[in-house]
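Structure at a glance
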Amino acid sequence: MWAFIVDNMSFGFSRVDSGEVKKFNKSLWELALIDAAAGGVATVVADCMMHPVDTVKARLQAQRETRYAGMIDCFRKVLQREGARRGLYAGLGPVLAGGIPCSMIVFSTYQTTRRLAHEHLSVPNDSSVDFIAGAAGEICGLVTYVPSEVIAKRMQISGLGPGRNYQSTTHALKVIYQTEGLHGLYSGTFPTMLRDVPFTALQFMFFERMKTVYKRIRKDLPLTAVELGLIGFAAGGASAFITNPFDVVKTRMQTQASGSERLYNSTWHCLRTTVKEEGAMALLRGAVARVMWLAPASALSLSVYEQASSFLRKWRVQQLPVTEQKYELSAASALDRRK
């Protein structure tokens with residue numbers, strides 16, 4: 001689909017020969033690959049550092065009886081009873097297995113959508129473009145993310161029940177598929193979409209707007225890794241808090257028992273039952289943990305992505321013949337002039 005669209009677009013070069021258009025299109029695809037690679041690196045760094053906080057959040061959200069008094073109590077008990085590897089880092093394998101390709105898809109789709117909108121459709125640089133592009137990227141990435149998230153969450157809350165003691169990521173995948181089929185692996189897809197699509201869209205929108213404002217303050221000087229991290233922290237934290245109710249519903253849908261022991265029949269039923277039995281504040285359960293997980297995770301991933309993509313773009317240009325470097329630099333600058 002993208003190949004057909006890109007190959008048949010002139011991107012405003014109606015008065016330029018076809019050779020220039022082909023160079024531009026080639027540059028677009030190469031930049032998409034760079035975005036994918038940088039997104040994968042960013043995910044590895046963020047997930048490895050912040051996974052224990054995600055485990056604590058999942059435990060707090062999934063508990064129906066008060067077992068943990070809060071984040072610190074949960075962290076301490078999990079570490080004491082189950083250890084770091086089998087407790088706090090439970091489910092890291094499937095998180096990385098699904099998160100890396102998901103992030104590669106999200107970042108490349110997001111940036112490519114923005115470039116297509118700005119260069120071909122001449123859409124003004126406003127928040128709606130970033131929001132829509134972020135949503136498009138997340139929707140495309142869900143196909144790999146949801147199964148990994150189901151496996152990760154069940155491994156993370158194995159200490160709470162229902163009785164699932166998975167020996168490894170492969171074992172969990174096998175058991176879930178054998179007992180519940182593809183439906184089990186993709187359980188909670190709709191609430192995951194309700195949570196992640198607006199989160200990613202809001203995160204990118206906030207991040208780009210904050211970058212624009214900060215660049216004006218800095219008089220267009222390049223932003224440092226620390227500055228990018230602080231902007232990413234604010235963007236991720238705000239987006240995480242706003243979308244927390246969907247995260248509670250998603251976690252409960254994905255971790256409930258199967259068969260006759262299922263508690264919720266649908267996303268709406270889960271939302272309604274939770275509010276009815278536990279009150280509306282139950283939808284904010286784990287919000288602090290979610291913000292404390294996603295704010296620094298966003299700071300790490302967005303900062304690492306920006307730095308990695310910048311490095312890879314410079315490396316790409318350096319590999320070209322000197323005669324082509326000038327064109328490639330100007331094309332890349334044109335593609336990202338509103339970034």
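Right, let's walk through the structure included here. (Residues numbered from 1 in each chain as written. Predicted model: local features only at pLDDT ≥ 70, side-chain atom pairs only at ≥ 80, totals over all residues. Heavy atoms only, no water.)

**Digging into the packing of helix α5 (residues 127-156) against helix α9 (residues 244-255)**
What counts is decided by this rule: Between N-to-C directions, angles span 0 to 180 degrees; the directions come from axes that are lines fitted to C-alpha atoms, helices contributing only their stretch in contact. Working definition: helices are DSSP H or I runs of at least four residues, strands are E runs of at least two. Numbering for both runs from the N terminus. In these notes the angle categories are as follows: under 35 degrees is roughly parallel, over 145 is roughly antiparallel, 65 to 115 is roughly perpendicular, and the rest is oblique. Residue contacts are defined here by distance: any two heavy atoms, one from each residue, within 4.5 Å place the two residues in contact. Just so you know the grouping, Ala, Val, Leu, Ile, Met, Phe, Trp, Tyr, Cys and Pro go in nonpolar, Asp, Glu, Lys and Arg go in charged, and all remaining residues, Gly too, go in polar.
Packing of α5 against α9 leaves a shortest axis separation of 9 Å and a crossing angle of 75°. On the basis of their axis angle, the class for α5 and α9 is roughly perpendicular. The residues of α9 that touch α5, namely those facing V146, E149, V150, K153 and R154, are K250, T251, Q254 and T255. Looking at side-chain class alone, the contact of α5 with α9 contains two nonpolar, three polar and four charged residues.

**Some words on the nonpolar core**
Across soluble globular proteins, nonpolar side chains have a tendency to be buried as a group. Keep this limit in mind: Throughout this description, the term nonpolar core refers to a set of buried Ala, Val, Leu, Ile, Met, Phe, Trp, Tyr and Cys residues connected via side-chain atoms within 4.5 Å. Relative accessible area decides the class of each residue, using a 1.4 Å probe on protein chains only: under 20% of the type maximum gives buried, over 50% gives exposed, and in between gives partly exposed.
Grouped together as the largest cluster of nonpolar side chains are 29 residues, with contacts concentrated most on I151, I176, F204 and F207. Contributions of two or more residues to this core are made by α2 (18-62), α4 (92-119), α5, α6 (169-185), α7 (189-217), α8 (225-242) and α11 (287-318). Counting residues per element, this core draws most heavily on α5, at eight residues. Each residue touching F204, except ones within four places of it in the same chain, is listed here: V106, F107, Y110, D130, G134 and L302. If you look at the next biggest cluster of nonpolar residues, it comprises eight residues, including A46, M50, V53 and W293.

**Some words on the state of the cysteines**
Which entries qualify depends on this criterion: The disulfide criterion used throughout: a pair of cysteine sulfur atoms within 2.5 Å.
Tallied over the entire structure, the rule returns zero disulfides. Considering cysteine sulfurs only, C102 is the nearest to C140, which forms no disulfide, with 9.9 Å between them.

**Thoughts on the packing of aromatic side chains**
As a reminder, the rule being used: Pairing of aromatic side chains requires ring centres within 6.5 Å, counting the rings of Phe and Tyr and the six-membered ring of Trp. Pairs whose planes differ by under 30 degrees are stacked, by over 60 edge-to-face, and all others tilted.
Applying the stated rule across the entire model yields three aromatic pairs. Both rings, one in F107 and one in Y305, keep their centres 4.4 Å apart while their planes meet at 20°; by these two values the pair is stacked. Of this pair, F107 sits in helix α4 while Y305 sits in helix α11; the two residues are 198 residues apart in sequence, bridging distant segments of the chain. Residue F107 is classed as buried on the basis of its relative accessible area, which comes to 7%. For Y305, a relative accessible area of 1% translates into the label buried. Ring geometry for Y110 versus F204: centroids 3.9 Å apart, planes at 10°, classification stacked. Placement of Y110 in helix α4 and of F204 in helix α7 is noted, with a sequence separation of 94 residues between them. Take Y110 and F204: they sit in the same class, and that class is buried. One aromatic cluster is present, built from ring pairs that chain together F107, Y110, F204 and Y305.

**Observations regarding the environment of A308**
Relative to the helices and strands, A308 is located in helix α11. Assessed through its relative accessible area of 17%, A308 is described here as buried. Through-space distance from the C-alpha of A308 to that of A42 is 8.0 Å; in sequence the pair is 266 residues apart.

**Brief notes about the pattern of salt bridges**
Here is the rule: One speaks of a salt bridge when a side-chain nitrogen belonging to Lys or Arg is within 4 Å of a carboxyl oxygen belonging to Asp or Glu.
With the rule as written, the count across this model stands at 23 salt bridges. With a shortest N-O distance of 3.9 Å, R195 and E149 are connected by a salt bridge. Taken as a pair, R195 in helix α7 and E149 in helix α5 lie far apart in primary sequence, 46 residues in all. We classify R195 as buried; its relative accessible area is 1%. Judged by its relative accessible area of 4%, E149 falls in the buried class. Across the pair K250 and E149 runs a salt bridge whose closest N-O atoms are separated by 3.1 Å. In this pair, K250 is assigned in helix α9 and E149 in helix α5, connecting sequence segments 101 residues apart.

Geometric descriptors of this kind do not, in isolation, establish any biological role.
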